[in-house]
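Structural description and commentary
These are the residues of each chain, in order.
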Amino acid sequence: MSLLKVEDLSVNYGVIQAVKGVNFEVNEGEIVSLIGANGAGKTTILKTISGILKPAGGKIYYEDREIQSEKSEKIVLGGISQVPEGRHIFPGLTVMENLQMGAFLRKDKAALKNDYDAVFSRFPVLSERKNQDAATLSGGEQQMLAMGRALMAKPKLILLDEPSMGLAPIFINEIFDIIKEIKKQGTTVLLIEQNASKALSIADRGYVLATGNILMTGTGEELLANEDVQKAYLGG
Ligand code: ATP
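Residues numbered from 1 in each chain as written. Predicted model: local features only at pLDDT ≥ 70, side-chain atom pairs only at ≥ 80, totals over all residues. Heavy atoms only, no water.

**Re the confidence of the model for the protein**
The test is simple: pLDDT is a residue-level measure of predictor confidence that goes from 0 to 100.
For the protein, the mean per-residue pLDDT works out to 92, and 100% of the residues sit at or above 70. With pTM at 0.92, the complex prediction returns an ipTM value of 0.94.

Written as structure tokens, this is what we have:
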């Protein structure tokens with residue numbers, strides 16, 4: 001079943017057309033990856049889904065409801081949670097306080113204890129550093145905190161913007177393992193990545209984006225094996 005459907009989406013910054021009539025969908029339970037070079041429009045698409053930007057044209061359906069005109073807060077409450085590029089944790093708050101911010105809009109406060117426990121068992125390092133300022137975490141730990149914070153909103157769909165950016169290889173592998181686990185536990189994932197080989201290796205399906213247009217789509221395996229994709233995005 002389609003959880004998210006993007007139809008003919010275009011997004012402008014003033015006169016700059018960043019996204020030019022893009023179509024794609026994400027089915028329940030999938031990891032879908034959008035890959036593409038710098039400036040292809042990946043982040044713009046995520047920000048439009050989460051309601052931070054408004055489209056110039058097109059529609060976004062989430063659970064068969066149109067959401068392109070809804071406020072971000074309503075979109076989060078509906079079950080879409082974004083982990084932004086560069087992570088944007090709150091550096092002056094502790095790890096625990098950052099996680100609490102993720103749960104801020106939730107109405108089911110009674111269920112929170114279990115969900116904190118689940119985040120701490122998935123990210124043991126966050127449990128060890130619960131009372132520490134988030135600013136003191138390493139880059140990889142901050143990425144885990146940002147993911148933990150997004151999970152505390154109990155999303156049906158999580159939007160990940162370049163989770164591997166700037167991380168050492170050991171953390172990159174760990175982050176991708178965690179994304180697979182998030183899927184296993186029932187959350188659908190839309191993953192934006194410049195690390196195309198890693199992203200496609202865990203994706204059920206992928207879309208290749210260039211200068212605001214979708215060039216190609218296929219399963220993760222098909223795209224990994226595609227010669228044009230290899231030449232342009234996989235350094236082969
Ligand atoms: P990256 O991987 O480098 O983050 P991206 O695929 O996420 O790239 P976007 O950030 O969505 O790309 O940018 C798409 C286009 O829109 C680019 O040409 C970019 O320069 C332009 N753009 C992005 N943000 C703005 C802005 N606030 N004002 C004007 N142009 C912008």
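**Describing the environment of Ser-72**
Under the convention used in this document: A run of H or I in DSSP counts as a helix once it spans at least four residues, and a run of E counts as a strand once it spans at least two, with each numbered from the N terminus. Exposure categories follow from relative accessible area, calculated using a 1.4 Å probe and restricted to protein chains: below 20% of the type maximum is buried, above 50% is exposed, and the middle band is partly exposed.
With respect to the helices and strands, Ser-72 occurs in helix α2 (residues 72–77). Judged by its relative accessible area of 28%, Ser-72 falls in the partly exposed class. With 127 residues separating them along the chain, Ser-72 and Ala-199 place their C-alpha atoms 26 Å apart.

**Notes on the site of the ligand**
To be explicit about the condition: Any residue with a heavy atom positioned within 4 Å of a molecule or strand is treated as near that molecule or strand. N or O atoms within 3.5 Å of each other form a polar contact, as long as, within protein, one can give a hydrogen and the other can take it, and as long as residues adjacent in sequence are counted only when both atoms are side-chain atoms. Only the protein chains shown count as cover for residues, with accessible areas throughout obtained via the Shrake-Rupley method and a probe of 1.4 Å. When residue character is reported, Ala, Val, Leu, Ile, Met, Phe, Trp, Tyr, Cys and Pro are called nonpolar, Asp, Glu, Lys and Arg charged, and the others, Gly included, polar.
In the neighbourhood of the ligand, 14 residues make up the surrounding shell, with Asn-38, Gly-39, Lys-42, Thr-43 and Thr-44 lying closest. Gly-39 places a polar main-chain atom, nitrogen or oxygen, 2.7 Å from an oxygen atom of the ligand. One of the backbone N or O atoms of Gly-41 is found 2.9 Å from an oxygen atom in the ligand. In isolation the ligand exposes 630 Å². Once the protein is present, 62% of that is buried. The set of elements that each furnish at least two residues to the shell around the ligand consists of β2 (16–27) and α1 (42–49). With three residues, α1 is the largest single contributor of residues to the shell around the ligand. Its residues placed into classes, the shell around the ligand shows five nonpolar, six polar and three charged.

**As for the sheet that holds strand β3 (residues 31–35)**
Threshold: Think of it this way: DSSP has to see at least two bridges between two strands before they count as a pair. Geometry is summarised by axes, namely lines fitted to C-alpha atoms with helices restricted to the contacting stretch, and by angles between N-to-C directions that run from 0 to 180 degrees. The contact criterion used throughout is that any non-hydrogen atoms of two residues lie within 4.5 Å.
On the basis of which strands lie adjacent, the open sheet formed by six strands has the order β6-β7-β8-β3-β9-β10 and mixed pairing. In this open sheet, the two strands that pair with only one neighbour each are β6 (80–83) and β10 (213–219). Between one strand axis and the next, the sheet turns through 15° on average, direction left out of account. Looking at chain direction, β3 and strand β9 (residues 205–210) are connected through four bridges and run parallel. For Ser-33, the partnering residue across the bridge sits in β9 and is Gly-206. The sheet contacts of helix α7 (residues 169–184) involve β3, β7 (157–161) and β8 (188–193), and relative to β8 the element is tilted by about 155°.

**Some thoughts on the packing of helix α3 (residues 95–102) against helix α6 (residues 139–151)**
Rules: Crossing handedness follows the turn of the near helix against the far one: under a right angle anticlockwise gives a left-handed crossing, and clockwise gives a right-handed one.
The N-to-C vectors of α3 and α6 enclose an angle of 35°; their axes lie 7 Å apart at closest approach. α3 and α6 meet at a crossing whose hand is right-handed. Along its contact with α3, which presents Val-95, Asn-98, Leu-99, Met-101 and Gly-102, the element α6 presents Leu-145, Gly-148 and Arg-149. In terms of residue class, the contact of α3 with α6 is made up of four nonpolar, three polar and one charged.

**Quick look at the sheet that holds strand β4 (residues 57–62)**
The antiparallel open sheet is built from four strands, whose spatial order is β2-β1-β4-β5. In this open sheet, the two edge strands, each paired with only one partner strand, are β2 and β5 (65–66). Sheet topology places strand β1 (residues 2–13) next to β4; five bridges connect them, and they run antiparallel. Looking at β4, one finds that Val-6 is bridged to Ile-60.

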